[in-house]
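Spelled out, the chains give:
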Amino acid sequence: MVFVPHTEIDRKAMLDAAGVDSVEALFAPIPSHLATQLDLPAGISEWEVERLLAERGAQNRKLSEFRRFVGGGIYEHWIPPEVPSLAGRREFMTAYTPYQSEASQGTLKAIFEYQTTIAALTGMEASNASVYDGATAVVEGCFLALRHTRRNAIAVSPGLNPRHQQVLRAYLEPQGFEIRPLEFQNGKTNENQIIGNDVAAVVIQNPNAFGIIESLHGIVEKAHEAGALVVASVNPISLGILASPGEAGADIAVGEGQPMGLPPAYGGMCFGFMACTKPLVRKLPGRIVGEAQDKNGRTGYTLTLQAREQHIRREKATSNICTNQALFALHATVYLSCMGPQGMREVATLCLERTALLRERLLKIPGVETVFDAPVFHEWAYRTPRPAEQVLAALHEKGILGGVELGHWTQNSFSQDEELSNAILTCATELTTNEDIEAYGSALEEVLR
Amino acid sequence: MSEALIYQRSRPGRYAYTLPPRLDRERDFTAALPKDFIRKNPPALPEVSKVDVVRHMTRLSQETISIDSHFYPLGSCTMKHNPMIADRALAGFGLDGLHPHQPDGDVQGLLKVFTEMEAYLAEVTGLDAVSLIPSAGAQGEFVGLAVIRKAIQARGENRHVVLVPDTAHGTNPASAALAGLKVVVIPSTIEGLVDVDALDSYLNDDVAALMLTNPNTLGLFEKDIETIAQKVHKAGALLYYDGANLNALVGRYRPGDMGFDVCHLNLHKTFATPHGGGGPGSGPVAVRAELEPFLPVPRIRTVNGEYRLDFNRPDSIGPIHGNWGNVAVVVRAYTYLRLLGHDGLADVSASAVLNANYLRAQLAKIFPNTTPGLCMHEFTVSLTCLSKSPANESASKSHKQSGNGNGNGNGAPHVRAMDVAKRLLDLGIHPPTVYFPTFISEGMLIEPTETETKETLDNFVAAMQQIKREAAEQPELVIGAPHTTQVGRLDDVGAARNPVLTFCCTFQ
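Predicted, not measured: the structure shown is a model, and the values here were computed from it.

Calculation notes
- Residues numbered from 1 in each chain as written.
- Chains lettered and ligands numbered in written order.
- Predicted model: local features only at pLDDT ≥ 70, side-chain atom pairs only at ≥ 80, totals over all residues.
- Helix = DSSP H or I, 4+ residues; strand = E, 2+ residues; numbered from the N terminus.
- Buried ≥ 20, exposed ≤ 12 C-beta atoms within 10 Å, placed from the backbone.
- Contact = placed C-beta atoms within 7 Å.
- Axes fitted to C-alpha atoms, helices over the stretch in contact; angles between N-to-C directions.
- Parallel < 35°, antiparallel > 145°, perpendicular 65-115°, else oblique.
- Left-handed = near helix turned anticlockwise from the far one by under 90°.
- Nonpolar A, V, L, I, M, F, W, Y, C, P; charged D, E, K, R; others polar.
- Pairing = 2+ DSSP bridges.
- Core = buried A, V, L, I, M, F, W, Y, C linked by C-beta atoms within 7 Å.
- pLDDT = per-residue confidence, 0-100.
- Right-handed = clockwise from strand over helix to strand, strands pointing away.

**Some words on the overall build of chain B**
Next up, step 1: Broken down by element type, chain B carries 15 helices and 12 strands.
Next up, step 2: Dimensions of chain B along its principal axes, counting C-alpha atoms only, are 75 × 70 × 45 Å.
Next up, step 3: Here chain B holds 508 residues, and the buried ones make up 59% of them.
Next up, step 4: Relative to all contacts within chain B whose residues are 6 or more apart in sequence, the contacts with residues 24 or more apart total 70%.

And the structure:
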């Protein structure tokens, strides 16, 4: 096999040194009747495997074949060419977790920069080195709050991504924690509701799952009055113009990092970012990099606060996470370095503009109406007299990915509502053109005619 | 020359992006938003040019040791070569351009890869059904244990204890706690295997599962695994396989055949996907047929010859990820698996075990406390012999200045496993895992993997021999290591006491 480098002479010498006469003899500690031969295809060449993957890939219909208006948690933004080229360097890609700090300063500095950019973007004071994705970041945020407050309930806005609600349930249920919905009207979380004093955290998403911009200030005040923390799940691109969780007084900021320099990739190149205020730092899960000095006074970077982690604390750890999404966090670091504050403001402004223009265009069509009348960032929900599934299928035939079917997406979540049965969540970003918007408009006109 | 942080290159007004123009230059949509929606202070992100970003990141990559640059025999981490064909095949597959909200009909090629991969991993593990969704080994453990918990509840039982050997990875107990289960630690024999006789006294009606890594964290095969499985099953509990060490067995032996009921794999270990400086990984979970209904949603089913995602699974533990987990890792692992095939996979474990045993035999000549008999894919060395180095006045003095806390009270310096690890960095080798498993004093856990040549292993042996000699003759050289890196040993205690976690802020 090509990745095994031994010549026959090597193999013989190595077996001799190990004191056995065959490779089979090395497996002597295993009961021999357990040996088996796998029923798998035989190995193939690199060229054949490349061709095989190309063949499988050809059975997909790629986004580039469509005009697309689909978000729902995963978004298509411009990725500066530096991002994949630099973050994809094999020195970064094939390194392990930087436990030997002296030999891993490059990775460690990159993570330290990542933490700094995420803290800056979210307006928080500290960040970890990433978790699996936006959904598990919400989960980890809630666990942090449950540990910190020693309470047993989480109050969730129905504006939280419905899939994230389900993931939260899957994680909280085994330990018996309660999840309950916040009051939610006209597509927004009610800012003036009373929060129970058994609530560890209020979880609110901005912009929410319907694209609507939430004002966090009111709910933060109510939550803090009740002694609860606020977990704000935010879209990182929106933070170029929208109030940051830190400015709104949230305690923990989380979110899906994919929009920052990563492709949609079927949702398979995600990472969760997670930042918090100073008092919570020692309860933050996951790896964290800190500055340190060597004995000659040189500054370096190292994994720190490891007393929180599973390899030290075992069942009392703040989380079981060890492997994270470091390489994707690195993509985001390069992305944010390219964009800077000015680029983030600009991209957010373009998203806001295109979505407003898309909304204006579609609302000109008879039968199209807005589901919730409120300001949106880069997603907007509309309904038509026809079932959403049929509308989306008809648009698909015309080469348009029209959006997310809200009725289906919100099933088994607090977001579920009769109102949504004919509703479609559309999305526009800086990559949406006038031609795209016009094509969507005329296609939808034909579909509804 | 050490590269400074990118923030130190930042100058107000620089930028490194281009964006398309506004479509409507008349209206200001931001100004139309309510004031309290708007950010007051712009985020303090770097303001740098394109050249700055490129040079900075290129230099950081050069300040990082990786498998592509160095031998990396990190025990329990399986740092094997990551085939470059997987990078190219992934690009050729076109994963980047697929969206999770596209209709199932648009992603038939991907769902075919998933379906095939589930079947391949079921065959590799000797189990019946696989979920590819868990993002890492730790999430696989949570899923596996949550499935067990749910299956036991469905039986109408109230078992809430997970047995974990004292040799287990720390993640095992942490995952059990997350799954709402209580951890009870079971003792090992002197050789480090499960104490089969003692096991009986731990098995009762409260026990949901026994979690084992096999080979265990010492690189030893649990030779009584079938007896253990019988006892566990007889007690009404399930047997969980932590796949961290599957590289020793892959293609030759299967957890399912040994009696395991649930198993997670680490694709970033056994299936050669890159570790990414800490992630992403992928931790698929395989189970026996009767546990399949409890696996996370979505599942894939075939309807009229078309693959469809199925969310309607009432017994499922629910979704555990916003989408489909680390799909890019799964596709890379699929590439690796197809490239190797059944024959190649059997070669993986054979050569992984051969390399480990060769290295073990060579090191045993230098360090008496090396795993004595045959090991599997990794083995331990205890370096206590180095602390018996002859006392040396000058070394002792220089050692006191270094303030590392070594020393045996008689003025003679102790060379510890961590010192050896750091000295290896000077010699161009990434050190093995140190101080794990914890009960091996001054322990190193060494896993060479199958992709290393005999010359690389010989070079490692020579380096260890040299360090042993240095420990006797000039211990300060070892205790003060590393000498060739851009920073020396960092003050971890100080870093944790007074954490500086971002460029501008210090926390008390």
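**Here we look at the packing of helix 4 (residues 137–154) of chain B against helix 5 (residues 171–178) of chain B**
The geometry of a pair of packed helices is captured by two quantities: the angle between their axes and the separation between those axes.
All names here are of chain B.
Next up, step 1: Between helix 4 and helix 5, the shortest axis-to-axis distance is 9 Å and the interhelical angle comes to 45 degrees. Between helix 4 and helix 5, the crossing angle belongs to the class labelled oblique. Helix 5 is crossed by helix 4, and the crossing has right-handed handedness. The segment helix 4 lies against helix 5, with Gly137, Ala138, Glu141, Phe142 and Leu145 engaging Thr171, Asn172, Ser175, Ala176 and Leu178.
Next up, step 2: Its residues assigned to classes, the contact of helix 4 with helix 5 comprises 5 nonpolar, 4 polar and 1 charged.

**Some words on the sheet that holds strand 3 (residues 153–156) of chain A**
Residue and element names in this part refer to chain A.
Next up, step 1: Reading across from one edge, 2-10-9-8-7-3-4 is the order of the 7 strands in this open sheet, with mixed pairing throughout. Either end of the sheet is taken by a strand with one partner, and the two such strands are strand 2 (126–127) and strand 4 (178–181).
Next up, step 2: Where strand 3 lies against strand 4, 4 bridges are found, and the strand directions are parallel. Note on strand 4: the bridge partner recorded for Ala153 is Glu178.
Next up, step 3: Against the sheet, helix 9 (residues 217–225) makes contact with strand 7 (199–206) and strand 8 (229–234), and its axis sits at roughly 150 degrees relative to strand 8, the strand it touches most.

**Section: the interface of chain B and chain A**
Next up, step 1: Contacts between the two partners involve 173 residues from chain B, matched on the other side by 172 residues from chain A.
Next up, step 2: It is helix 10 (residues 327–364) of chain B that provides the largest number of residues to the side of chain B that touches chain A, a total of 20 residues.
Next up, step 3: Classifying every residue of the side of chain B that touches chain A by side-chain character gives 86 nonpolar, 56 polar and 31 charged.

**Details of the nonpolar core**
Next up, step 1: Ranked by size, the top nonpolar core spans 311 residues in total, and within it A:Ala201, A:Val202 and B:Tyr240 carry the most contacts.
Next up, step 2: With 23 residues, the single largest contributor to this core is helix 10 of chain B.
Next up, step 3: Each residue touching A:Val202, except ones within four places of it in the same chain, is listed here: A:Ala155, A:Leu182, A:Ile195, A:Ile219, A:Ala223, A:Ala228 and A:Val230.

**Digging into the sheet that holds strand 11 (residues 433–434) of chain B**
Residues and elements named next belong to chain B.
Next up, step 1: Strand order in this open sheet of 3 strands is 10-12-11, and the pairing throughout is antiparallel. Each end of this open sheet is capped by a strand with a single partner; those strands are strand 10 (379–382) and strand 11.
Next up, step 2: Bridge count for strand 11 against strand 12 (residues 443–446) is 2 bridges, and the pairing is antiparallel. Paired with Thr433 across the bridge in strand 12 is Leu445.

**Some remarks on the packing of helix 7 (residues 134–149) of chain A against helix 8 (residues 162–172) of chain A**
All names here are of chain A.
Next up, step 1: Where helix 7 contacts helix 8, the two axes come as close as 9 Å, and the packing angle between them is 50 degrees. On the basis of the axis angle, helix 7 is oblique to helix 8. Note on packing geometry: the crossing formed by helix 7 with helix 8 is right-handed. The segment helix 7 lies against helix 8, with Gly134, Ala135, Thr136, Val138, Val139 and Cys142 engaging Arg163, His164, Val167, Leu168, Tyr171 and Leu172.
Next up, step 2: Along the lines of polarity and charge, the residues of the contact of helix 7 with helix 8 split into 8 nonpolar, 3 polar and 1 charged.

**Quick look at the confidence of the model for chain B**
All names here are of chain B.
Next up, step 1: Summing up the model confidence of chain B, the mean pLDDT is 93 and the portion of residues at 70 or higher is 94%.
Next up, step 2: The low-confidence segment residues 389–409, where pLDDT is below 50, has 38 contacts with residues more than four positions distant or belonging to other chains.
Next up, step 3: Scored as a whole, the predicted complex attains pTM 0.96, and scored at its interfaces, ipTM 0.98.

**A closer look at unusual backbone geometry**
Next up, step 1: For the bond running from B:Val297 to B:Pro298, omega is -5 degrees, close enough to zero to count as cis.
Next up, step 2: Mapped onto the elements, B:Pro298 comes out in the loop between strand 7 (285–287) and strand 8 (299–303).
Next up, step 3: Of the consecutive residues B:Ala481 and B:Pro482, the connecting peptide bond is found in the cis state with omega at 0 degrees.
Next up, step 4: Among the secondary structure elements, B:Pro482 is positioned in the loop between helix 14 (475–479) and helix 15 (492–497).
Next up, step 5: Positive phi, normally seen in glycine, also occurs at A:Tyr266, with a value near 55 degrees.
Next up, step 6: With respect to the secondary-structure elements, A:Tyr266 resides in the loop between strand 9 (252–256) and strand 10 (272–276).
Next up, step 7: In this model, B:Ala272 sits at a positive phi of 65 degrees, which is unusual for a non-glycine residue.

**Let's talk about the pairing of strand 2 (residues 161–165) of chain B**
Within a regular strand, side chains alternate between the sheet's two faces.
Residue and element names in this part refer to chain B.
Next up, step 1: The buried count for strand 2 comes to 5 of 5 residues, which makes it a mostly enclosed element.
Next up, step 2: In this view, the connection linking strand 2 to its parallel neighbour strand 3 (residues 182–186) by way of helix 5 has right-handed handedness.
Next up, step 3: Across 3 bridges, the pairing between strand 2 and strand 4 (residues 207–213) is parallel. In the strand pairing of strand 4, Val161 is matched with Val207.

**Examining helix 8 of chain A**
Residues and elements named next belong to chain A.
Next up, step 1: Most of helix 8 is tucked away: 11 of the 11 residues are buried.
Next up, step 2: Pro162, Arg163, His164, Gln165, Gln166, Val167, Leu168, Arg169, Ala170, Tyr171 and Leu172 are the residues of helix 8 that are buried.
Next up, step 3: Of the surrounding elements, those touching the buried residues of helix 8 are helix 7, strand 3, strand 4, strand 8 and helix 14 (406–409).

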